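# Results of the structural survey
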Amino acid sequence: MVFAKSTLGESLMLVLQEGSVSYKRIANFLLRNQVKVTALGIEDMAEQCEVSTATISRFARDMGFNNYAGLRNQIAEVVQAVFQPVEKLRNTIEAKKNAPSPAHTSMQFAAANIDAANQGMSEQSLNQIVGHIAKASTVYVMGFGLSAHLAGMLALHLQPFCSHVVEVVGYGGTEVAAGHLANISDKDVLIVISFPRYALDVIKLTQFVRDHGACIVTITDSPASPIAQLGNYLLLAPSTHGVLPSSASAAIAVIEALVSSMMVSNKKNVEKAMRLTEAISAYLHSADNNVKYTQPDNTKPKK
């Protein structure tokens, strides 16, 4: 299913629905046996699909490749991307006896990612983003999968300082997200967060927002990310990790940097922060409202 949702997988699904009988047979085999295909030559592939090698070659060209080898190589790349997190975990477990502490190594990845994000951050770009957020009628924040909790964190941070903040995904998934974005306009800002493994829905919805003229800020791990070129502004947060599909440490640091810049950009934000503190102070722990523990009196006779 993960392979089927890739760009190549979707093209094969379309062939499976609308292609000729022989093309449907090939597409069906590729979708069901993508790992096996990476080791098959064109003759073996033709035998498996019960078609000629000429048909296999024609299929590959119609799919946009020079030959069958090009198609097979692309399938191998997609398969590698899908299974990379699993392979990283397996390799880490196998090398565990001779490797440093996984916890210590994870901390090293986090520190390196945060340092790289800091080195690549543009103060000018950050100030421009803050300006757009401050003027926006509505700020939409979107993240799917592993990025959903990052979107929720950013939405909560921005809420006191913006006219209106909408966390796009929430309960209900893509359908609810699309409903939230249905009326987005050039007066609004979308902050989209996406890290490996990238969700296909976030790409399609970001393209929809782009077509409607809203300012788009993307927070992602690399310029090669599928959403990196879809936004007006790009904030990079490297997510390399030895075991996890992606690390969120740099993403959190970038979110905090953005929110900090937002908070100090206007004196009125100080007043908003004070009002927020006053509103929630009754619900916060302090020495004045601390619940004292009473030692039970064990001297009284039990009934």
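Residues numbered from 1 in each chain as written. Predicted model: local features only at pLDDT ≥ 70, side-chain atom pairs only at ≥ 80, totals over all residues. Heavy atoms only, no water.

Where an unreviewed UniProt entry is consulted, the protein appears under the name MurR/RpiR family transcriptional regulator, with the organism given as Undibacterium hunanense.

## Some points on the packing of aromatic side chains
Which entries qualify depends on this criterion: Working definition: a ring pair exists when centres of Phe, Tyr or Trp rings (six-membered ring for Trp) sit within 6.5 Å. Plane angles under 30 degrees give stacked, over 60 give edge-to-face, the rest tilted. Secondary structure elements are taken from DSSP: a helix is a run of H or I of four residues or more, a strand is a run of E of two residues or more, and numbering for both begins at the N terminus. Residue burial is assigned from relative accessible area. The probe radius is 1.4 Å, only protein chains are included, and a residue is buried under 20% of its type maximum, exposed over 50%, and partly exposed in between.
Evaluated as defined, the whole model comprises 1 aromatic pair. Judged by centre distance (5.0 Å) and plane angle (85 degrees), the ring pair of Tyr 23 and Phe 59 falls under edge-to-face. Here Tyr 23, found in helix 2 (residues 21–32), pairs with Phe 59, found in helix 5 (residues 53–62); they are 36 residues apart in sequence, far enough to count as distant. By relative accessible area, which is 12% here, Tyr 23 ends up buried.

## Concerning the pattern of salt bridges
To be explicit about the condition: By convention in these notes, a salt bridge is any Lys or Arg side-chain nitrogen within 4 Å of a carboxyl oxygen on Asp or Glu.
Scanning the model with the defined rule gives 1 salt bridge in all. Glu 10 is paired through a salt bridge with Lys 204; the nearest N and O atoms lie 3.6 Å apart. Note that Glu 10 is positioned in helix 1 (residues 7–18) and Lys 204 in helix 11 (residues 200–211), a separation of 194 residues in sequence. Residue classification places Glu 10 among the partly exposed residues on the basis of a relative accessible area of 35%. In this structure Lys 204 comes out as partly exposed when scored by relative accessible area, which is 45%.

## Brief notes about the packing of helix 4 (residues 42–49) against helix 5
Heads up, the condition is: Every axis corresponds to a line fitted to the C-alpha atoms, with the helix fit spanning only the stretch in contact, and the corresponding angles, defined between N-to-C directions, vary from 0 to 180 degrees. Working rule for angles: under 35 degrees goes down as roughly parallel, over 145 as roughly antiparallel, 65 to 115 as roughly perpendicular, anything else as oblique. Here, two residues are considered to be in contact whenever any of their heavy atoms come within 4.5 Å of each other.
Packing of helix 4 against helix 5 leaves a shortest axis separation of 8 Å and a crossing angle of 100 degrees. Accordingly, the angle class assigned to the pair helix 4 and helix 5 is roughly perpendicular. Across from Ile 42, Glu 43, Met 45 and Ala 46 in helix 4, the residues of helix 5 making contact are Thr 53, Ile 56 and Ser 57.

## Side note on the side chain of Asn 113
Structurally, the position occupied by Asn 113 is in helix 7 (residues 102–120). Since its relative accessible area comes to 4%, Asn 113 is described here as buried. With residues near it in sequence (within four places) discarded, Asn 113 still touches Pro 238, Ser 239, Thr 240, Ser 247, Ser 249 and Ala 250.

## Quick look at the pairing of strand 4 (residues 215–220)
Let me state the cut-off plainly: Strand pairing is defined by DSSP finding a minimum of two bridges between the two strands. Here is how to tell: hold the view so the strands point away, follow the path from the first strand over the helix to the second, and if it runs clockwise the crossover is right-handed.
Counting buried positions along strand 4 gives 6 out of 6 residues, so the element sits mostly inside the fold. Burial along strand 4 is two-sided: the residues Cys 215, Val 217 and Ile 219 and Ile 216, Thr 218 and Thr 220 are all buried. Here strand 3 (residues 189–194) pairs with strand 4 via 6 bridges, running parallel. Directly across from Leu 190, in strand 4, lies its bridge partner Ile 216. As a crossover connection, the stretch from strand 3 through helix 11 into strand 4 is right-handed. Taken together, the 4 bridges between strand 4 and strand 5 (residues 233–236) define a ladder with parallel strand orientation. Directly across from Ile 219, in strand 5, lies its bridge partner Leu 235.

## A short note on the sheet that holds strand 5
Read across the sheet, 5 strands follow the order 2-1-3-4-5 without closing on themselves; strand pairing throughout is parallel. Of all strands in the sheet, those with a lone pairing partner are strand 2 (165–167) and strand 5, marking the two edges. On average, each strand axis in the sheet is inclined to that of its neighbour by 15 degrees, with strand direction left out of account. Sitting on the sheet, helix 9 (residues 148–158) is in contact with strand 1 (139–143), strand 2, strand 3 and strand 4, with an inclination near 160 degrees to strand 1.

## A short note on empty space enclosed by the protein
The test is simple: Cavities and pockets were defined on a 1 Å grid built from protein atoms only: a cavity is a group of points that admits a 1.4 Å probe but offers it no way out, a pocket is an open group of points flanked by protein on both sides within 12 Å along at least five of seven lines, and a lining residue is one with an atom within 4 Å of any such point. Grid points are joined across faces, edges and corners, and a volume is the space filled by probe spheres set on the points. Side-chain classes follow a simple rule in which Ala, Val, Leu, Ile, Met, Phe, Trp, Tyr, Cys and Pro form the nonpolar group, Asp, Glu, Lys and Arg form the charged group, and the remainder, Gly included, forms the polar group.
Under the criterion given, the structure shown has 1 cavity of 30 Å³ or more. In this model, the largest cavity occupies a volume close to 30 Å³. Lining the largest cavity are Gly 143, Phe 144, Ser 147, Ile 193, Ser 194, Phe 195, Arg 197, Ala 199 and Val 202. Along the lines of polarity and charge, the residues of the lining of the largest cavity split into 5 nonpolar, 3 polar and 1 charged.

## What about the nonpolar core?
Selection criterion: Here, nonpolar core refers to any group of buried Ala, Val, Leu, Ile, Met, Phe, Trp, Tyr and Cys residues whose side-chain atoms link them within 4.5 Å.
Core analysis: the biggest nonpolar cluster contains 33 residues, and Leu 154 and Ile 191 have the highest contact counts within it. Counting only elements with at least two residues in this core, the list comes to helix 8 (123–135), strand 1, helix 9, strand 3, strand 4, strand 5 and helix 12 (249–263). Looking at this core, the element that brings in the most residues is helix 12, giving 7 residues. Sequence-distant contacts of Ile 191, defined by excluding residues within four places in its chain, comprise Ile 133, Val 139, Tyr 140, Val 141, Met 142, Leu 154, Leu 158, Val 217, Ile 219 and Leu 258. Ala 27, Phe 29, Leu 30 and Ala 60 belong to the second largest nonpolar core, which has 24 residues in total.

## Side note on unusual backbone geometry
It is generally the case that most residues other than glycine have a negative phi and that most peptide bonds are trans. For Glu 50, which is not glycine, the phi torsion reads 60 degrees and is therefore positive. Tracing the chain through its elements places Glu 50 in the loop between helix 4 and helix 5.

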